[in-house]
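The lines below spell out each chain.
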Amino acid sequence: MKKWVVEDWQFELTAIEGKSGNCRLGLEKGDMFTFTYECPAGMCPRVMTQIYTWCEVIRCGGNFTYRGFGEKYEMDLMCPCKSIHFRLKAIPINRDENGKALPNHPRPDN
């Protein structure tokens, strides 16, 4: 893999309510996933399809208040099965001293 994009947002998805017996993957309160663009191992793919759009909103300069949430970079949501309640948090990373995103690495030639 030759990743050349310098990601400027990190996301934390934390299970804030729910029991493992109610989740096909056994997720439960306290489980947490940290990721930038990829889908982390062990995360429910149905949840990832639900939060992907919200992550793109942040990557494109938006925030969660545009959809009625109280915090710019934090929101709560239920999984599609309604068995686990999650909190999604966006954290800016790879920034210069002025908060501007760092440039990408050169794109590979292949």
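Since the structure is predicted, the reported quantities are computational estimates derived from the model, not experimental observations.

Trainee: Even after reading the chapter, I still don't get the overall build of the chain, so can you show me in this structure?
Mentor: Assigned secondary structure in the chain consists of one helix and four strands. Helices (α) and strands (β) of the chain occur, in sequence order from the N terminus, as β-β-α-β-β. Relative to its 110 residues, the chain shows a buried fraction of 32%. When the accessible surface of the chain is summed, it comes to about 7300 Å², and 50% of that surface belongs to carbon and sulfur atoms. In the chain, 15 positive and 14 negative side-chain charges are present, and the distance between their average locations comes to 5 Å.

Trainee: I keep staring at the sheet that holds strand S2 (residues 32-35) and nothing clicks. Help me out?
Mentor: Within a sheet, each strand pairs with its neighbour through backbone hydrogen bonds, oriented either parallel or antiparallel. The four strands lie next to each other as S2-S1-S4-S3, forming an open sheet whose pairing is antiparallel. At either end of the open sheet lies a strand with only one pairing partner, and these are S2 and strand S3 (74-78). Each adjacent strand pair in this sheet contributes to an overall mean axis angle of 20°, direction not counted. Sitting on the sheet, helix H1 (residues 45-59) touches strand S1 (9-17), S2, S3 and strand S4 (85-92), and the angle it makes with S1 is about 140°.

Trainee: Hey, could you run me through the pattern of salt bridges in this one?
Mentor: Side-chain pairs of opposite charge can arise where the charged atoms are in close proximity. Across all of its chains, the model carries five salt bridges by this definition. For Glu-74, the salt bridge is made with Arg-87, and the minimal N-O distance between the two is 3.6 Å. Linking Glu-74 in strand S3 with Arg-87 in strand S4, this pair joins segments that are 13 residues apart in sequence. What emerges from the salt-bridge pattern is a single network uniting Glu-74, Asp-76 and Arg-87.

Calculation notes
Residues numbered from 1 in each chain as written. Predicted model: local features only at pLDDT ≥ 70, side-chain atom pairs only at ≥ 80, totals over all residues. Heavy atoms only, no water. Helix = DSSP H or I, 4+ residues; strand = E, 2+ residues; numbered from the N terminus. Buried < 20%, exposed > 50% of the residue type's maximum accessible area, 1.4 Å probe, protein only. Areas by Shrake-Rupley, 256 points an atom, 1.4 Å probe, with all protein chains shown as cover. Lys, Arg positive; Asp, Glu negative; His and termini not counted. Charge placed at Lys NZ, Arg CZ, Asp CG, Glu CD. Pairing = 2+ DSSP bridges. Axes fitted to C-alpha atoms, helices over the stretch in contact; angles between N-to-C directions. Contact = heavy atoms within 4.5 Å. Salt bridge = Lys/Arg side-chain N within 4 Å of Asp/Glu carboxyl O.

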